[in-house]
Amino acid sequence: YRRNFLGNISHELKTPIFSIQGYIHTLLDGGLYDEKINYDYLQRAANNVERLQTIVEDLEIIARLENETMVLDLQSFDIKLLALEVIEDLEMSAKARNITVSLKEGAEKSFWVRADRENIRQVLTNLVVNSIKYGQESGRTKIGFYDMNDYVLVEVSDNGIGIESKHLNHVFDRFYRVDKSRSRDQGGSGLGLSIVKHIIEAHKQTITVRSTVNVGSTFGFTLAKGSAAVN
Ligand code: ADP
């Protein structure tokens, strides 16, 4: 498993490095003075440097999650307020694709959960970022909460491009992408959902996905109930 993982990492890093090499050498070999390509190639090299950065940042998150065997900082909090913070943080990226991110109707009341707040922020962030990356222009993302007796179910749903059923079992795998070029164009590392799964499993909870191509996707995860009185 370890060997496989390292193999995947080096492959993922090689692709942008190879592109950067190509653009920079072309510029050094005289392309610098060619007005038709110089700016464009620098821009492409810069984009690939950014991809490298995303991959390394996500790898750092994974390394941290694994090394610390996940010491969870459990506290009771209202997940609705956390969701509102995440929506606010992602407002600019949503706007860039003209996508509305909001709470589902009926989410007026508080939903207390007991979990690691910063880790769950990461989970919500990754899911909402994906709903924007793989959403339709002018689409909408909704975050809903459901009181299920023993736990709270949180759902992030979009009306985006959807995922074919044959891929559904794999989307949580490291570096798995349904459409590599789209994922790369959107700056994806292929690690976002594996980080999400890792965090939810550390909480001994579950995450599931249902999706229909061209209709949309819903990612749902459960969390233990918390209470306003006990922290
Ligand atoms: P990436 O960095 O590629 O976005 P993720 O682990 O976050 O990596 O997601 C894995 C793959 O699952 C994506 O490449 C994409 O093909 C698919 N995917 C994830 N979220 C969605 C979504 N909301 N709608 C459609 N496809 C999705």
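Figured I'd write up the structure that's included with this text. (Residues numbered from 1 in each chain as written. Predicted model: local features only at pLDDT ≥ 70, side-chain atom pairs only at ≥ 80, totals over all residues. Heavy atoms only, no water.)

Some remarks on the nonpolar core
Point 1. Counting residues in hydrophobic clusters, the biggest one holds 50 residues, and the most contacted among them are I79, I120, L124, I143, F145 and F221.
Point 2. Counting residues per element, this core draws most heavily on helix α5 (residues 117-133), at six residues.
Point 3. When neighbours within four sequence positions are excluded, I143 is seen to be in contact with A83, I87, S102, L103, K104, V128, V154, E155 and V156.
Point 4. Residues L27, I37, Y41 and A45 belong to the second largest nonpolar core, which totals five residues. (Core = buried A, V, L, I, M, F, W, Y, C linked by side-chain atoms within 4.5 Å. Buried < 20%, exposed > 50% of the residue type's maximum accessible area, 1.4 Å probe, protein only. Helix = DSSP H or I, 4+ residues; strand = E, 2+ residues; numbered from the N terminus. Contact = heavy atoms within 4.5 Å.)

Regarding the sheet that holds strand β2 (residues 100-103)
Point 1. Taking strand neighbours across the sheet as the criterion, the five strands line up as β2-β4-β5-β7-β6 in an open arrangement whose pairing is mixed. Among the strands making up the open sheet, the edge pair consists of β2 and β6 (207-212). Averaged over all adjacent pairs, the angle separating strand axes in this sheet is 15 degrees, with direction ignored.
Point 2. Both strand β5 (residues 151-158) and strand β7 (residues 216-224) contribute to a ladder of seven bridges, which runs antiparallel. Of the residues in β7, the one forming a bridge with S157 is T218.
Point 3. Strands β2, β4 (140-148), β5 and β7 of the sheet are contacted by helix α3 (residues 79-89), whose axis makes an angle of about 170 degrees with β2. (Pairing = 2+ DSSP bridges. Axes fitted to C-alpha atoms, helices over the stretch in contact; angles between N-to-C directions.)

Observations concerning the packing of aromatic side chains
Point 1. For the coordinates displayed, the defined rule picks out three aromatic pairs.
Point 2. Looking at K109, its charged tip hangs above the ring of F111, at a distance of 4.8 Å from the centre. (Phe/Tyr/Trp six-rings, centres within 6.5 Å; stacked < 30°, edge-to-face > 60°. Lys NZ or Arg CZ within 6 Å of the ring centre and 35° of its normal.)

Remarks on the site of the ligand
Point 1. With respect to spatial proximity, 21 residues lie near the ligand, and among them Y134, D158, S183, G190 and L193 are the closest.
Point 2. Contact between the ligand and G192: an oxygen atom at 3.3 Å from a main-chain N or O atom of the residue.
Point 3. Here the ligand loses 98% of its free accessible area of 530 Å² to cover by the protein chains.
Point 4. Listed by contribution, the elements that provide at least two residues to the shell around the ligand are α5, α8 (192-202) and β7.
Point 5. Taken together, the residues of the shell around the ligand sort by class into nine nonpolar, eight polar and four charged. (Near = heavy atom within 4 Å. Polar contact = N/O pair within 3.5 Å; in protein donor to acceptor, adjacent residues only side chain to side chain. Areas by Shrake-Rupley, 256 points an atom, 1.4 Å probe, with all protein chains shown as cover. Nonpolar A, V, L, I, M, F, W, Y, C, P; charged D, E, K, R; others polar.)

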